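Summary of the model geometry
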Amino acid sequence: MSVDFEPVRLGPGRRRIEPVVIGLVALVVDVAFAVVKPWESADRTAPSVPVAAASVEPGPAASPSPRPTRQRVLLGTAIDAPRSPTWAEISPVVTRHDAWGIRAIVVDATAAGPGHYAERWFPAAADQAGIRSVTVDGGEAIVALGPTSPSDVDLLDARIWLVHAGDSPGWVDASPVGPRRSSGAFLYERGDRVADAPSPWDPGRYRLDVLTGDEIQRIGVGIPGRLGVVPAATDVPTPTAPEQVLAAGSDPSGVHAGLFATADGSAISLPALGGVLQDDHGAWLDLVLGSGPLGESVIASVYQPRATGLGVMLTPHAIVASATVHRLAPDGRFDSPSVAGGISSTQGRTPYVVFQAPGDSVWPPGVYAVSVSWTDAAGQHDDTWHVELRPGSDISRS
């Protein structure tokens, strides 16, 4: 604080400063100092109120590329936890585990390293039915999660589902952290990003599906809350698309023969090849390794959150005998909706079939197959087209 003084004329003598004036000056200085340092309150014993979760923005003195952080109270201590770890920060704490289990990367204020990360590992015990499950320890912010396996098992891919009421899984948008094969690590962060930074994994019941060359290994994972209890499963959220147009009211005449999805009243061709109906393991293996003539996948993998219908455009003057839609993932528990159809005049009087999403809504993320039997001038045909409807957004996977 700067103070300007008025010029003082020098005279033969100076007046004595009264004690009252000295007291007033001291009082003014004390008040001014309190204004300059408002964080020093007279009441220094007032307790602070902890905040469960709050966003913390970097200050003006932060580095040129600050990392967003989230503040969480862990066992009574507030920790600024980086929400989007890099593989370079995580890899020093990753260790090899020659068994089925769950690896969790957590924020630990006592851990060494640039991000204060630590690894927690939990073996997945199998019950008499062969179903594996594990409950991780609570009280720590889990920034990355993934499976481990015996050394003789080659992991190919993984999907993470949030289990809702009635054991109904919903596909969670998750992205791998760095090279998944490094040090045997398959680690995933949540893909619902805020300022390019995923949130820590929330408490709840999850299911990890792990693809190997021989099977799909499923591991149930419970993440407890701060009180050490895994929260009860919630109802399945109903997927919605604002001002959606039902499949029967959409115009698919712009697509050629093959699989399509309807969205916003029109149709989008899906890059799938017709063939035989596959099971969940075969379809997933095709998506990862490819089984087409040129080594490509014959299954379409798309992000279409507004898809109200799945259908197939057939061949000119075809006669449809039957049509069915199957769900392969997350499981086969699925009531096939009734089929609708029509004739595309712009495609030479070509018939098509289309299935409206359950509940007259949009198709939830999963793997589906549409099987159609029909006849045309070339004879009898029986083909199945597969599509993987992915969760999340294109931005979150970029």
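Here the structure is shown first, and the text comes after it.
Residues numbered from 1 in each chain as written. Predicted model: local features only at pLDDT ≥ 70, side-chain atom pairs only at ≥ 80, totals over all residues. Heavy atoms only, no water.

Judged by pairing direction, the sheet is mixed, and its 6 strands sit side by side in the order 6-7-14-13-9-10 without closing on themselves. Where the open sheet ends on each side, the last strands, each with one partner, are strand 6 (125–126) and strand 10 (168–171). In this structure, strand 7 (residues 132–135) lies alongside strand 14 (residues 216–223), joined through 4 bridges in parallel fashion. Along strand 14, the bridge assignment pairs arginine 132 with isoleucine 219. Of the strands in this sheet, strand 9 (157–164), strand 13 (204–211) and strand 14 are in contact with helix 3 (residues 280–289), which crosses strand 13 at around 70 degrees. (Pairing = 2+ DSSP bridges. Helix = DSSP H or I, 4+ residues; strand = E, 2+ residues; numbered from the N terminus. Contact = heavy atoms within 4.5 Å. Axes fitted to C-alpha atoms, helices over the stretch in contact; angles between N-to-C directions.)

Here the structure, examined in full by the defined rule, presents 1 cavity of 30 Å³ or more. If you add up the space inside the largest cavity, you get close to 50 Å³. Secondary structure elements with two or more residues in the lining of the largest cavity: strand 9, strand 14, helix 3 and strand 19 (319–329). For the lining of the largest cavity, the class distribution of residues is 6 nonpolar, no polar and 4 charged. (1 Å grid on protein atoms, 1.4 Å probe; cavity = no way out; pocket = protein on both sides within 12 Å on 5 of 7 lines; lining within 4 Å. Points joined across faces, edges and corners; volume = space filled by probe spheres on them. Nonpolar A, V, L, I, M, F, W, Y, C, P; charged D, E, K, R; others polar.)

An order of 16-15-18-21-20 is seen for the 5 strands of this open sheet, with the pairing classed as antiparallel. Single-partner strands in this sheet number two, and they are strand 16 (266–269) and strand 20 (339–344). The sheet shows a mean angle of 30 degrees between the axes of neighbouring strands, direction not considered. Taken together, the 4 bridges between strand 15 (residues 258–263) and strand 16 define a ladder with antiparallel strand orientation. Paired with threonine 262 across the bridge in strand 16 is alanine 267.

Our focus in this paragraph is the side chain of aspartate 286. Along the chain, the position of aspartate 286 falls in helix 3. Polar side-chain contacts of aspartate 286 include one of 3.1 Å to the backbone nitrogen of valine 298. (Polar contact = N/O pair within 3.5 Å; in protein donor to acceptor, adjacent residues only side chain to side chain.)

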